[in-house]
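Here are the chains, one letter per residue:
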Amino acid sequence: QVQLVESGGGLVQPGGSLRLSCTASGIVFSINGMAWYRQGPGKERELVARIARVGATGYADSVKGRFTISRDNAKNTLYLQMNSLKTEDTAVYYCATMTGIWGQGTQVTVSS
């Protein structure tokens, strides 16, 4: 069965860091492009970062320079390293394949 499971969310102060993980099962992970999305309170879901199967990455302007997307194909895991967090980063974060498979999300709250 195809499944994506996010973990690593939580409460962090502004300026802090957090690392999200997404473990995939039921797919050939290494040939799937992957992405992180987020949906903040009262906002639409937006693309945060993406990584192609060959490793090329892209980021939303709002997180560029602060977030890093990476993947470990041997562990079937996608990561999002989030540094210098801002209150505006508060959202439910979702991982997804480029073919449209979604995880259930993990809450990230940035607050003092």
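Here, the structure is the one placed above.
Residues numbered from 1 in each chain as written. Predicted model: local features only at pLDDT ≥ 70, side-chain atom pairs only at ≥ 80, totals over all residues. Heavy atoms only, no water.

Quick word on the sheet that holds strand S9 (residues 91-97)
Now for step 1: Across the sheet, 6 strands lie side by side as S2-S10-S9-S4-S5-S6; this open sheet has mixed pairing. Two strands close off the open sheet at either side, each with one partner strand: strand S2 (10-12) and strand S6 (57-59). Neighbour-to-neighbour, the strand axes of the sheet open up by a mean angle of 25 degrees, direction not taken into account. (Pairing = 2+ DSSP bridges. Helix = DSSP H or I, 4+ residues; strand = E, 2+ residues; numbered from the N terminus. Axes fitted to C-alpha atoms, helices over the stretch in contact; angles between N-to-C directions.)

A look at the pairing of strand S7 (residues 67-72)
Now for step 1: Along S7, the buried face is formed by Phe67, Ile69 and Arg71; none of Thr68, Ser70 and Asp72, which line the opposite face, is buried.
Now for step 2: The sheet contact formed by S7 and strand S8 (residues 77-82) spans 6 bridges and is antiparallel. Residue pairing for S8: Ile69 is matched across the bridge by Leu80.
Now for step 3: Joining the antiparallel neighbours S7 and S8 is a turn of 4 residues, in which Asn76 adopts a positive phi near 50 degrees. (Buried < 20%, exposed > 50% of the residue type's maximum accessible area, 1.4 Å probe, protein only.)

Things to note about the side chain of Arg66
Now for step 1: Looking at the secondary structure, you find Arg66 in the loop between S6 and S7.
Now for step 2: Exposure remark for Arg66: the relative accessible area of 11% places this residue in the buried category.
Now for step 3: At 2.8 Å, the side chain of Arg66 and the backbone oxygen of Ser62 are in polar contact.
Now for step 4: Not counting residues up to four positions away in its chain, the partners in contact with Arg66 are Gln81, Met82, Asn83, Ser84, Leu85, Lys86 and Asp89. (Polar contact = N/O pair within 3.5 Å; in protein donor to acceptor, adjacent residues only side chain to side chain. Contact = heavy atoms within 4.5 Å.)

Honestly, that's just the spatial picture; any functional story needs more than this.
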